[in-house]
Amino acid sequence: MDKLIISGGLPLNGEIRISGAKNSALPILAATLLADAPVVISNVPHLHDVTTMIELLGSIGADIIIHELMSIEIDPRAVHNFFAPYELVKTMRASILVLGPLLTKYGKAKVSLPGGCNIGARPVDIHLAGMRQLGAEISIDGGYIYAESKGRLHGAEIVMDLVTVTGTENLIMAAVLADGRTVLKNAAREPEVTDLANFLNSLGAKITGAGTDTIVIDGVSSLGGGQYKVMPDRIEAGTYLTAAAMTRGRIKIKDVMPQTMDAILYHLRETGAMIKVGENWIELDMHGQRPHAVNVRTFPYPAFPTDMQAQFLAMNCVADGVGMITETIFENRFMHVQELQRLGANIKLQGNTAISEGVPMLTGAQVMATDLRASAGLVLAGLVSAGETTVDRIYHIDRGYECIEEKFSQLGAKIRREGRKIAG
Ligand code: UD1
């Protein structure tokens, strides 16, 4: 199994390009099933989750061509198999995103229930309740969701019980080809939801209000083909900026959308980082200073993202002072705490809050990645650990970070992979 081996202690310095957003690419790839003509998606990150989505679309019957630089052409016209098997869904929860498109376009779908995952129970009840309101008949049997609609789905006013990102995306996709108007209330405002809506509108959908908590979808009878470029990954961008802050470094990241990163940049400035922002780049400079610890509470967008929590906790472990990180989205997203403690971090867990008192430097050790963002937190911790840190089970990282060791090396870190890379 792959490992990353990091010799810590060097400040990051240099310039890198940020990849396309995983959490945007996955729903957009699923949404290509709605089209009636070929669609070309560019800036798709080369990640294991993307490969899984491509495999799923292929097994459903879509014709797929991968062009240079991960631009992907999908022709959904041959779709004939409305099935997402457990084997794929269990490796990637976002597979649930094919449910909305298959149901609304073909009138039926059989999709495995995702089940629990490392960071919490993560049910899909809100996806299913919304689809029922759009007129679908849904039953669950043997671990599978069976969804059916007699004729077209119909528009409805749906108030979602809590803010769910993929739930909002699944319901937008289901409503796009429904008969009449759908209004989604308490919708997720994440930029990736807006990116999906922009993509669908470029194919002829009529969606307004994406980026707010009320999204209106006027159903159309069909969607055409087209081309679309996936937005930059704000979590990948935030991860590298945090790494630079905790190593007392100076970096510039390019091909980003700074306006999607307000909460992250706000808290990075609180650490003492000097941050300059251009139209599509961000520069962070610590002027060699140790970061101050910060207090952060995760919440749906535009507040601080849960996907940046582990990285900020790693930073607080070497920051000056005491910091508190409160997780409100997932119930079990602190598995990195024990691993950080193996590196000498001083953290106490109180309910859903991690309280840490920073030490000047951690000490290298063997640690194990438990989920995608937790693994990123451990890599960051390795960068500020004396001696060598080995992060094991990094297949989690390959699900969400493109070329992570290459990018960190480019920034001057001493990091290498042992084993065979499985991404893509
Ligand atoms: C998405 C992101 C993930 C991020 C998360 C929160 C993708 C592919 N993944 O995941 O990286 O960590 O948003 O920003 O975009 N919930 C229910 N019932 C539902 C749906 C969700 O109870 O039907 C709960 C979940 O258990 C969780 C909370 O709602 O506690 C938010 O989850 P949600 O926004 O749905 O996360 P995902 O869309 O799965």
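It should be noted that the structure appears before, not after, this text.
Residues numbered from 1 in each chain as written. Predicted model: local features only at pLDDT ≥ 70, side-chain atom pairs only at ≥ 80, totals over all residues. Heavy atoms only, no water.

Details of unusual backbone geometry
Between Tyr301 and the following residue, Pro302, the backbone shows a cis peptide bond with an omega angle of 15°. Positive phi values are uncommon outside glycine, yet Cys403 reaches one of about 50°. For Cys403, a relative accessible area of 30% translates into the label partly exposed. (Buried < 20%, exposed > 50% of the residue type's maximum accessible area, 1.4 Å probe, protein only.)

Thoughts on the site of the ligand
In the vicinity of the ligand lie 17 residues, with Asp125, Thr164, Thr166, Asp307 and Ile329 positioned nearest. In this structure, Thr164 approaches the ligand through a side-chain N or O atom, which is 2.6 Å from an oxygen atom. Contact between the ligand and Val165: an oxygen atom at 2.8 Å from a main-chain N or O atom of the residue. A total of 740 Å² of accessible area belongs to the ligand in isolation, and the protein chains cover 87% of it. Looking at the shell around the ligand, the elements that each hand over two or more residues are α5 (125-133) and α6 (165-176). Of the residues that constitute the shell around the ligand, the class distribution is 8 nonpolar, 5 polar and 4 charged. (Near = heavy atom within 4 Å. Polar contact = N/O pair within 3.5 Å; in protein donor to acceptor, adjacent residues only side chain to side chain. Areas by Shrake-Rupley, 256 points an atom, 1.4 Å probe, with all protein chains shown as cover. Helix = DSSP H or I, 4+ residues; strand = E, 2+ residues; numbered from the N terminus. Nonpolar A, V, L, I, M, F, W, Y, C, P; charged D, E, K, R; others polar.)

Quick look at the sheet that holds strand β18 (residues 296-297)
Read from one edge to the other, the open sheet built from 4 strands follows the order β18-β19-β21-β20, with strand pairing classed as mixed. One side of each edge strand has no neighbouring strand; the edge strands of this open sheet are β18 and β20 (346-350). Where β18 lies against strand β19 (residues 322-326), 2 bridges are found, and the strand directions are parallel. The partner of Arg297 across the bridge, within β19, is Thr326. Contacts from helix α10 (residues 309-317) reach β18, β19, β20 and β21 (353-357), with the element oriented near 165° to β19. (Pairing = 2+ DSSP bridges. Contact = heavy atoms within 4.5 Å. Axes fitted to C-alpha atoms, helices over the stretch in contact; angles between N-to-C directions.)

Notes on the pairing of strand β8 (residues 137-141)
Pairing between β8 and strand β9 (residues 144-148): 5 bridges, direction antiparallel. Looking at β9, one finds that Glu137 is bridged to Glu148. Between β8 and β9, which pair antiparallel one after the other, the connecting turn spans 2 residues, and Gly142 there sits at a positive phi close to 60°.

Observations concerning the pattern of salt bridges
Pairs can form between side chains of opposite charge once their charged atoms are near each other. Under the criterion given, the structure shown has 20 salt bridges. Across the salt bridge formed by Asp218 and Arg181, the nearest N and O atoms sit 2.8 Å from each other. On the criterion of sequence distance, the pair formed by Asp218 in strand β13 (residues 214-218) and Arg181 in strand β11 (residues 181-185) is long-range, its members being 37 residues apart. Classification of Asp218 by relative accessible area gives partly exposed; the value is 25%. Through salt bridges with shared partners, a single network forms among Asp2, Asp398, Glu405 and Arg417. (Salt bridge = Lys/Arg side-chain N within 4 Å of Asp/Glu carboxyl O.)

Topic: the environment of His127
By secondary structure assignment, the location of His127 is in helix α5. A sequence separation of 44 residues divides His127 from Leu171, and the C-alpha atoms of the two residues are 6.7 Å apart. Contacts of His127, omitting those with residues within four sequence positions, involve Ile96, Thr164, Thr166, Gly167, Asn170 and Leu171.

Some remarks on helix α7 (residues 191-202)
Under the 1.5 Å per step criterion, the end-to-end length of α7 is 16 Å for 12 residues, consistent within 8% with the ideal 16 Å. Looking only at α7, the buried set comprises Pro191, Glu192, Val193, Asp195, Leu196, Ala197, Phe199 and Leu200. Phi turns positive, to about 115°, at Gly204, one or two residues after α7. (Expected span 1.5 Å × (residues − 1).)

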